[in-house]
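# Structural description and commentary
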Amino acid sequence: MFTKLLELFFEHITNWGLVWFGVVFWGSIFNAALFFFLGGANNLVLIVLPYLLGLLLGLMGKFKGWSWIN
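About the criteria used
Residues numbered from 1 in each chain as written. Predicted model: local features only at pLDDT ≥ 70, side-chain atom pairs only at ≥ 80, totals over all residues. Heavy atoms only, no water. Helix = DSSP H or I, 4+ residues; strand = E, 2+ residues; numbered from the N terminus. Buried < 20%, exposed > 50% of the residue type's maximum accessible area, 1.4 Å probe, protein only. Contact = heavy atoms within 4.5 Å. Areas by Shrake-Rupley, 256 points an atom, 1.4 Å probe, with all protein chains shown as cover. Axes fitted to C-alpha atoms, helices over the stretch in contact; angles between N-to-C directions. Left-handed = near helix turned anticlockwise from the far one by under 90°. Nonpolar A, V, L, I, M, F, W, Y, C, P; charged D, E, K, R; others polar. Phe/Tyr/Trp six-rings, centres within 6.5 Å; stacked < 30°, edge-to-face > 60°. Lys NZ or Arg CZ within 6 Å of the ring centre and 35° of its normal.

Turning our attention to the overall build of the protein. Summing up its helical and strand segments, the protein has two helices and zero strands in all. Its C-alpha atoms give the protein principal-axis dimensions of roughly 45 × 30 × 15 Å. Evaluated residue by residue, the protein yields a buried proportion of 14% over its 70 residues. For the protein, contacts bridging at least 24 residues in sequence account for 67% of all contacts bridging at least 6. As displayed, the protein has an accessible area near 5,500 Å², and 74% of this comes from carbon and sulfur atoms.

This is the structure:
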């Protein structure tokens, strides 16, 4: 059971790793830039927006075949 879950996890990371990279890495960078320029606004939209942009960048990378991680 555990090995099957582990296998599914690694398969997911292999197929969707670029998308997760976009969410975590680019989302964090966009979040830091937004925090720097807007001074830490406590609006939910401004907190989630950078990670959505990172997700969008990751999805574009996956479906257009960009290779940021090799």
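With that settled, the discussion passes to the packing of helix H1 (residues 2-38) against helix H2 (residues 44-64). Their axes nearest at 6 Å, the elements H1 and H2 cross at an angle of 145°. Where H1 crosses over H2, the two elements pack in a sense that is right-handed. Class assignment of the residues belonging to the contact of H1 with H2 gives a composition of 16 nonpolar, eight polar and one charged.

Moving on, we come to the packing of aromatic side chains. Summed over all chains, the structure comprises six aromatic pairs. When the centroid spacing of 5.2 Å and the interplanar angle of 80° are considered together, the rings of Phe36 and Phe37 count as edge-to-face. Grouping residues by exposure puts Phe36 and Phe37 together as exposed. Here the aromatic cluster, defined as three or more aromatic residues joined through ring pairs, consists of Phe21, Phe25, Trp26 and Phe30. The ring of Trp16 has Lys62 lying over it, and the distance from NZ or CZ to the ring centre is 4.6 Å.

Another aspect to go through is the environment of Leu59. Position of Leu59 relative to the elements: it lies in helix H2. Those residues in contact with Leu59 that sit more than four places away from it in its chain are Trp16 and Val19.

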